[in-house]
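# Chains, contacts and geometry: an overview
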Amino acid sequence: MSRYRLDPAIDAWLREAERLVSLPPGAGIDAQRQAYARVCRHFGRPHPPGLVTEDRRFAGRSCRVYRPARPLGGGILWFHGGGWVVGDLDSHDSVVADLADAAGCVAVAVDYRLAPEHPFPAAFDDALAAYLAVRAAAAELGIAPGRLLLGGDSAGGNLAAAVSQACRDRRLPMPAGQLLVYPALCADDSLPSRREMADAPGLSAADMRHYLRLYLGRPPVEADRHDLRLHPGEAAEPMGLPPTFLTAAEYDPLASDVLAYAGRLRAAGVAVDAVVEAGLPHAWLRARHVAAPAGAAFARLVVAARRLSFADGTGAKHDPCRQVVGR
């Protein structure tokens, strides 16, 4: 990590995370999931005062509903990260609780099926079905149907973007906006960050290839590049999508995915705010309580969630696409 200029608190967080997920060579999927759960639990925090949770089922999947003490009428459907292979309701429980509370939105987290037991498109199918079911139950949940956002981090951001495009293409009810946190979007391995950040801390290019192969259940083929359920960032004409907030990390092979997709969205007339957070690695959401730069990035996500959940769908309340990599 010597070539990456890390904030001391971020560096300490990464080292502690690496210690917690350390596994012997050849460790199986169960061991990987246990290690991931261990690091998520270690950096989690108690729920904010007054926030109430309820475990429910939507479209046959286990989900967790988060009701903040001061709801403002908006909603967020959240898909967790983990390379489509690890993670569950508990791994991102603290993240979703904090986001729901700070944004004043009722949030619903989805426990979609994981690879390799359930290869693509199982996770996408679950995500789309859960969105339609939660939207149908929005009023009961205290969410205005026209103010339900789709969001997710990493693989979850991929699912949120893919579901939004599927809704447009299938003429289904659209979400009010998208919150995409360091999402995997594109198939193009020639994007700058894929090369320049190939050995980045937190997520490497080799890790990405590993997870994609597990998600597919086979090596990727050329036809996969054009499947928008898998690579939503490859959409040639993404017009008609809802206002979108994308946030990435500077030290992340996926940083260029965010900028490339933001550019395509903006060219298609979609309201976009895109941020690449300086000095942060992939998975910075888990560092929000222990490192000031990650806490500031999380605060920007909260502001975007509030803005999107109040927007009228025209994008009038959103900033233009921008890149923020300040030093």
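The structure contained in this document is the topic of the report that follows. (Residues numbered from 1 in each chain as written. Predicted model: local features only at pLDDT ≥ 70, side-chain atom pairs only at ≥ 80, totals over all residues. Heavy atoms only, no water.)

Scanning all chains against the criterion turns up 0 disulfides. Of all cysteine sulfurs in the structure, the one in Cys-167 sits closest to Cys-63, which takes part in no disulfide; the separation is 15 Å. (Disulfide = S-S within 2.5 Å.)

With that settled, consider the packing of helix α3 (residues 93-103) against helix α10 (residues 292-310). Where α3 meets α10, the closest approach of the two axes is 9 Å, and the angle between their N-to-C directions is 55°. If you check the angle between α3 and α10, you find them oblique. The two elements α3 and α10 meet at a crossing, and its hand is right-handed. On α10, the residues touching Val-95, Asp-98, Leu-99, Ala-102 and Ala-103 of α3 are Phe-298, Leu-301, Val-302, Ala-305 and Arg-306. Considered class by class, the residues forming the contact of α3 with α10 number 8 nonpolar, no polar and 2 charged. (Axes fitted to C-alpha atoms, helices over the stretch in contact; angles between N-to-C directions. Helix = DSSP H or I, 4+ residues; strand = E, 2+ residues; numbered from the N terminus. Parallel < 35°, antiparallel > 145°, perpendicular 65-115°, else oblique. Left-handed = near helix turned anticlockwise from the far one by under 90°. Contact = heavy atoms within 4.5 Å. Nonpolar A, V, L, I, M, F, W, Y, C, P; charged D, E, K, R; others polar.)

On to the sheet that holds strand β7 (residues 244-251). Taken in spatial order, the 8 strands make up an open sheet running β1-β2-β4-β3-β5-β6-β7-β8, and their pairing is mixed. Among the strands making up the open sheet, the edge pair consists of β1 (52-58) and β8 (272-281). Within this sheet the neighbouring strands show an average axis-to-axis angle of 20°, counted without direction. Alignment of strand β6 (residues 177-181) against β7, held across 4 bridges, turns out to be parallel. The residue bridging Val-181 from the neighbouring strand is Thr-247, located in β7. Where helix α9 (residues 255-267) meets the sheet, it contacts β6, β7 and β8, and its direction lies at approximately 150° from that of β7. (Pairing = 2+ DSSP bridges.)

Ranked by internal contacts, the top residues of the largest apolar core, which has 112 residues, are Leu-246 and Trp-284. Residue contacts for Leu-246: discarding those within four places in its chain leaves Leu-180, Leu-185, Val-258, Tyr-261, Ala-262, Leu-265, Val-272, Asp-273, Ala-274 and Val-275. (Core = buried A, V, L, I, M, F, W, Y, C linked by side-chain atoms within 4.5 Å. Buried < 20%, exposed > 50% of the residue type's maximum accessible area, 1.4 Å probe, protein only.)

A word on helix α4 (residues 122-136). If you check α4, its first and last C-alpha atoms are 21 Å apart, about what 15 residues at 1.5 Å a residue would give, namely 21 Å. Those residues of α4 not exposed but buried are Ala-122, Ala-123, Phe-124, Asp-126, Ala-127, Leu-128, Ala-130, Tyr-131 and Val-134. (Expected span 1.5 Å × (residues − 1).)

Applying the stated criterion across every chain yields a total of 21 salt bridges. Its salt-bridge partner being Glu-54, residue Arg-67 comes within 3.0 Å of it at the nearest N-O pair. With Arg-67 in strand β2 (residues 61-67) and Glu-54 in strand β1, this pair connects stretches of sequence that are 13 residues apart. Overall, Arg-67 belongs to the partly exposed group, its relative accessible area being 25%. On the accessibility criterion, Glu-54 (32% relative accessible area) is partly exposed. Two residues, Asp-189 and Arg-194, come together in a salt bridge whose shortest N-O distance is 2.8 Å. Assessed through its relative accessible area of 8%, Arg-194 is described here as buried. (Salt bridge = Lys/Arg side-chain N within 4 Å of Asp/Glu carboxyl O.)

What follows deals with the packing of aromatic side chains. Under the criterion given, the structure shown has 5 aromatic pairs. Ring centres of Trp-13 and Phe-43 lie 6.2 Å apart, and the angle between their planes is 65°; this geometry places the pair in the edge-to-face category. Taken together, the positions of Trp-13 in helix α1 (residues 8-21) and Phe-43 in helix α2 (residues 29-43) put the pair 30 residues apart, joining distant regions of the chain. You'll find Trp-13 and Phe-43 in the same group, each marked buried. One aromatic cluster is present, formed by Trp-84, Phe-120 and Tyr-215 through successive ring pairs. It is Arg-147 that lies over the ring of Phe-310; its NZ or CZ is 4.2 Å from the centre. (Phe/Tyr/Trp six-rings, centres within 6.5 Å; stacked < 30°, edge-to-face > 60°. Lys NZ or Arg CZ within 6 Å of the ring centre and 35° of its normal.)

Our focus in this paragraph is the packing of α4 against helix α6 (residues 155-169). Contact geometry for α4 and α6: axes closest at 9 Å, N-to-C directions at 65°. For the pair α4 and α6, the crossing hand works out as right-handed. Side by side, α4 and α6 meet where Ala-123, Phe-124, Ala-127, Leu-128 and Tyr-131 of the first sit next to Leu-159, Ala-162, Val-163, Ala-166 and Cys-167 of the second. Of the residues that constitute the contact of α4 with α6, the class distribution is 10 nonpolar, no polar and no charged.

Here we take up unusual backbone geometry. The linkage connecting Ala-115 with the following residue, Pro-116, adopts the cis geometry, with an omega of 5°. Structurally, Pro-116 can be placed in the loop between β4 (105-110) and α4. Backbone torsion omega between Phe-120 and Pro-121 reads 10°, so that peptide bond is classified as cis. Within the secondary structure, Pro-121 sits in the loop between β4 and α4. At Trp-84, a position not held by glycine, the phi torsion is positive, near 65°. Positionally, Trp-84 belongs in the loop between β3 (74-79) and α3. Classification of Trp-84 as buried rests on a relative accessible area of 7%. Phi is positive for Ser-154, which is not a glycine, with a value near 60°. Along the polypeptide, Ser-154 turns up in the loop between β5 (148-153) and α6. Judged by its relative accessible area of 11%, Ser-154 falls in the buried class.

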